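One-letter residues, chain by chain:
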Amino acid sequence: MKNGKSPNYLLRGLLKNRFFKTCAAHPEIDLVLMDLKMPEMDGYEATRQIKSRKPDLPVLALTAYGLVKDRERAMAAGCDEVVTKPVDKKLLMHSIKKFLGLDV
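Heads up: these notes are all about the structure in this document. (Residues numbered from 1 in each chain as written. Predicted model: local features only at pLDDT ≥ 70, side-chain atom pairs only at ≥ 80, totals over all residues. Heavy atoms only, no water.)

## Some words on the pairing of strand E1 (residues 32-35)
The side chains of a regular strand alternate, first on one face of the sheet and then on the other. So the rule is basically this: Working definition: with a 1.4 Å probe on protein chains only, accessible area under 20% of the residue-type maximum means buried, over 50% means exposed, and in between means partly exposed. Strands are runs of DSSP state E lasting at least 2 residues, helices are runs of H or I lasting at least 4, and numbering of each runs from the N terminus. A pair of strands is considered paired only if DSSP assigns at least 2 bridges between the two.
Side-chain alternation along E1 places Val32 and Met34 on a buried face and Leu33 and Asp35 on a face that remains uncovered. Direction of pairing for E1 relative to strand E2 (residues 59-63): parallel, over a ladder of 4 bridges. Paired with methionine 34 across the strands is alanine 61, a residue of E2.

## Details of the packing of aromatic side chains
The relative placement of two aromatic rings is captured by the distance of their centres and the angle of their planes. Quick note on the threshold: Pairing of aromatic rings covers Phe, Tyr and Trp, the last through its six-membered ring, and needs centres within 6.5 Å; plane angles under 30 degrees mean stacked, over 60 mean edge-to-face, and all others mean tilted. Either the NZ atom of lysine or the CZ atom of arginine qualifies as a charge over a ring when it sits within 6 Å of the ring centre and within 35 degrees of the ring normal.
Counted according to the given criterion, the structure contains 0 aromatic pairs. The ring of tyrosine 44 has arginine 73 sitting right over it, with the charged end atom 3.7 Å from the ring centre.

## Let's talk about the side chain of threonine 47
Applied cut-off: Two N or O atoms form a polar contact when they lie within 3.5 Å of each other; inside protein one atom must be a possible hydrogen donor and the other a possible acceptor, and for residues adjacent in sequence the pair counts only when both atoms belong to side chains. Only heavy atoms matter for contacts: two residues are in contact if any of them lie within 4.5 Å across the pair.
Tracing the backbone shows threonine 47 in helix H2 (residues 43-53). Judged by relative accessible area, which is 0%, threonine 47 ranks as buried. Within the local environment of threonine 47, its side chain forms a polar contact with the backbone oxygen of glycine 43, the two atoms lying 2.7 Å apart. The contact partners of threonine 47, leaving out residues within four places of it in the chain, are Met34, Val59, Ala77, Gly78 and Cys79.

So this is what it looks like as structure tokens:
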């Protein structure tokens, strides 16, 4: 590319900006599944930014890091729940239903 940035780098930036614009522009979004390990902006910072704009929007963190300190860091960033990878599908669905107010 002429500007020296790879297409992957540009795509990540576009998606990051689009995500925040989409989240802010669509009140019908009821829940966010957040991967905590992301390039550029990690899930902790992304969650803080989401919660600063929409504090009542549930954020479920998905992470391969299952230590207590990682869970505490995610919760401190504003995540409402932490689900570790590999994801237990039943546990994830239970969490989603809980935050959407569906029968659990």
